[in-house]
Protein chains: 2
Amino acid sequence: MIQLVAADLNHVNSVILDRMQSEVALIPELAGHLIAGGGKRMRPMLTLACARLLDYGGTRHHKLAAAVEFIHTATLLHDDVVDGSGLRRGRRTANIIWGNPASVLVGDFLFSRSFELMVEDGSLKVLRILSRASAVIAEGEVDQLTAQRRVETSEDHYLGIISAKTAALFAAACRIAGVVAERDESVEQALDCYGRNLGIAFQLIDDAIDYVSDAETMGKGVGDDFRDGKVTLPVILAHARGDEADRRFWREAMEGSRTSDDDLAHAIALLKRHNAIDDTIARARTYGQRAIDALGPFRNGSAKSALVEAVEFAIARAY
Amino acid sequence: MIQLVAADLNHVNSVILDRMQSEVALIPELAGHLIAGGGKRMRPMLTLACARLLDYGGTRHHKLAAAVEFIHTATLLHDDVVDGSGLRRGRRTANIIWGNPASVLVGDFLFSRSFELMVEDGSLKVLRILSRASAVIAEGEVDQLTAQRRVETSEDHYLGIISAKTAALFAAACRIAGVVAERDESVEQALDCYGRNLGIAFQLIDDAIDYVSDAETMGKGVGDDFRDGKVTLPVILAHARGDEADRRFWREAMEGSRTSDDDLAHAIALLKRHNAIDDTIARARTYGQRAIDALGPFRNGSAKSALVEAVEFAIARAY
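Thresholds, definitions, all that
Every chain begins its residue count from 1, and numbering advances along the sequence as written. Written order decides the labels, with chains lettered from A and ligands numbered from 1. Only residues with pLDDT of at least 70 are given local features in this predicted model, and only at 80 or more are side-chain atom pairs given and counted; all residues enter the totals for whole chains, interfaces and linings. Excluded from the side-chain calculation are hydrogens and water; included are all heavy atoms of the structure. Secondary structure is summarised from DSSP: a helix means a run of H or I of at least four residues, a strand means a run of E of at least two, and numbering begins at the N terminus for each. Exposed residues in this analysis have more than 50% of their type's maximum accessible area, buried residues have under 20%, and partly exposed residues fall in between, with area computed by a 1.4 Å probe over protein chains only. Contacts are assigned to residue pairs with any non-hydrogen atoms lying within 4.5 Å of each other. In short, Shrake-Rupley with a 1.4 Å probe defines the accessible areas, and a residue's cover is counted only from the protein chains shown. Lys and Arg are tallied as positive, Asp and Glu as negative. Neither His nor the chain termini are counted. Note on charges: their place is set at NZ of Lys, CZ of Arg, CG of Asp or CD of Glu. Any helix carries an expected span of 1.5 Å times its number of residues minus one. What counts as buried area is the accessible surface, traced by a 1.4 Å probe, that two parts surrender upon association, with contributions from both included. We count a salt bridge whenever a side-chain nitrogen from Lys or Arg sits within 4 Å of a carboxyl oxygen from Asp or Glu. In protein, a polar contact means a hydrogen-donor-capable atom and an acceptor-capable atom, both N or O and within 3.5 Å, with residues adjacent in sequence counting only if both atoms are side-chain atoms; elsewhere, any N or O pair within 3.5 Å suffices. Three classes are used: nonpolar for Ala, Val, Leu, Ile, Met, Phe, Trp, Tyr, Cys and Pro, charged for Asp, Glu, Lys and Arg, and polar for all others, with Gly counted as polar. When the copies are superposed, the least-squares fit takes in the C-alpha atoms of residues with a pLDDT of at least 70 in both.

Asker: Could you clarify how one ought to interpret the overall build of chain A in this entry?
Answerer: Looking only at helices and strands, one finds 16 helices and two strands in chain A. Summarising its shape, the C-alpha atoms of chain A cover approximately 60 × 50 × 30 Å along the three principal directions. Residues classed as buried in chain A amount to 61% of the 319 residues present. By sequence separation, contacts in chain A at least 24 residues apart represent 75% of the contacts at least 6 residues apart. When the accessible surface of chain A is totalled, it reaches about 12300 Å², and 48% of it is carbon and sulfur. Measuring between centres, the 37 positive side-chain charges of chain A sit 2 Å from its 45 negative side-chain charges.

Encoded structure:
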């Protein structure tokens, strides 16, 4: 995907760098740490690739892709405060370096700035899509906060959470390409469907990786979710399939009283015994296939290939 | 002002109650605590009163006034996290009851929801005014964070901070009335000028009150700003007018090493000796007069009287 959108992405990066500036020096300093710090620009790249898929020839999508990245960056800053995270992409998080207050407020700034960019573009339809996505993301995050440490969270509830907190922005990033290219509702829906299913697949793979990767792969250690008591799909499956002793273990682990290396080793052994990792990846593959099938109506070519590869790449991270 | 806009305000409160709902129960629970908890609805009332001043006969301003209140509520939730506050309007703050993570995320939700309301209204001009105001508020908050505990902050710098963090939303709340009433740019500017100067006056009186009120008046104790090391105009004036010993005291106080009751008593004595409170109130009166003069072009009547009284009431809180 990167090759396909490289030239457009340079324009987007220029907008990002230009519009994260402020006379208040701490704002570009803190925002730049996260924005320059190894972000993959996945969401703006989706906007660009979907625009290419539709043979869009204008430049409106540059500003809007930057707006999408600002929303994403704002949520990352707030997430790290909410989770008390210390590392992201292998670097110290902004809240560790500059403190929680600055992270909260600079997130607010980037969020406001993203709406300013959308207003400059002038499409009420884009504004509707992205304001709705932002509200849904926040709802998903609060929902996850409520579900945190509750091991009895159902698979459906969990899929609802990640559909909101992760997949909504993927879907919106793709959908707005249909708006700028002035294509009809069915095209928007197909792109939305692609992005949403890719987003769910992406998050499920992230959940699986947390129990199998080494620190280099993720920029964070194995078992972070486990130690934070984050109920993810692997845990939900292993809990559902386990016996009484297993369930007690998972309950204690999610409630925070099992955080040692031995506990993590035991958790991984239980996940393996119940095929919880493999089946999480299998679920992700299904969503990935749904994403690819959503592209069916579009003509074959380099853009479609890049979007298919994005799905395959998201899944392949688990191997 | 309340009498003038009472009927409209009922509509606004309905919108607020309706649109703070979510299937995620924690959202209306937490938002309701703050929204129902004795808020004065000052900003939405300004939108309503300004619309009345322009003889606006429609209902668009109900949704937009709710959007303004949501932005305000979101910033309060985030402010209390940033300041680590425990009390607001005499009640425990949301961050104390539900924790910082929930306060950050519900703030994000309300902020997103406010943009959804504006999108439903459909005016790009209103969206521009309020997205700009939101970015400016965040910049002002970060600027204040940077200035915090720095006693050498200049009066001009401080006025810039409160113009951004407080007065920008007052100005925007008034200005959008000119947009919905479809009046020309000069009307918008006059309303903006009224709101901005009222906002600055309001904040300066808040700053003064922190050194003179009793707990009943404010819902917080005297000296909160002092103990938090918040550099406000009374401190800036007393520091500038003091001798070397005074300056050392203020520096130590703002850096957090003078938080006892005796220290607060000494601070109040210094403020009195240098007329710092009276002169802060005098500055506020000047801004209040500018706000009233901005209403000059509008015809006399109950709406104008209510807006003038709002200024007088804001100032009178100091007595």
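Asker: In this structure, what is going on with helix α7 (residues 124–147) of chain A? I would like to understand it.
Answerer: Along an α-helix, a turn takes 3.6 residues, which lines up residues three or four apart on a common side. Residue and element names in this part refer to chain A. Here α7 spans 34 Å end to end across 24 residues, near enough to the 34 Å set by a 1.5 Å rise per residue. The buried count for α7 comes to 18 of 24 residues, which makes it a mostly enclosed element. Positive backbone phi, approximately 70°, marks R149, located one or two places after α7.

Asker: Got a minute to help me understand the interface of chain B and chain A in this structure?
Answerer: Interface extent is often summarised as the accessible area lost during association of the parts. Between chain B and chain A, the contact holds 35 residues from the first and 35 residues from the second. At the boundary of chain B with chain A, total buried surface from both sides reaches about 3200 Å², with 76% on carbon and sulfur atoms. Here chain B is connected to chain A by two salt bridges. E116(B) is paired through a salt bridge with R132(A); the nearest N and O atoms lie 3.3 Å apart. In this structure, the connection of chain B to chain A is made through eight residue pairs in polar contact (both at pLDDT 80 or more). Within the residue set of the side of chain B that touches chain A, elements represented by two or more residues are α2 (26–36), α4 (60–83), α6 (100–121) and α7 (124–147) of chain B. Sorting elements by how many residues they give to the side of chain B that touches chain A places α7(B) first, with 14 residues. Residue composition of the side of chain B that touches chain A, by class: 19 nonpolar, seven polar and nine charged.

Asker: Before we go on, may I ask you to explain the pattern of salt bridges in this structure?
Answerer: Two side chains carrying opposite charge are able to pair once their charged atoms lie near each other. Residues and elements named next belong to chain A. A complete count under the given rule lists 42 salt bridges over all chains for this structure. Of the charged contacts, one joins E120 and K63 as a salt bridge, the two residues approaching to 2.9 Å between their closest N and O atoms. Linking E120 in helix α6 (residues 100–121) with K63 in helix α4 (residues 60–83), this pair joins segments that are 57 residues apart in sequence. Residue classification places K63 among the partly exposed positions, given a relative accessible area of 30%. Shared partners join several salt bridges into a network, and the residues in it are K125, R175, E185, E188, D192 and R196.

Asker: Would you take a moment to explain the relation of the copies chain B and chain A for this structure?
Answerer: Two copies of a chain can be linked by a rotation about an axis combined with a shift along that same axis. Overlay of chain B on chain A (RMSD 0.0 Å): rotation 180°, translation along the axis 0.0 Å. Taken together, these values place the two copies in the relation of a two-fold axis. Both copies contact each other with a shared surface, as 100% of the interface residues of chain B are interface residues in chain A too.

Asker: Please explain the side chain of H274(B) as it appears in this structure.
Answerer: With respect to the helices, strands and loops of the structure, H274(B) is situated in the loop between α14 (261–273) and α15 (276–294). At 3.1 Å, the side chain of H274(B) forms a polar contact with the side chain of D246(B).

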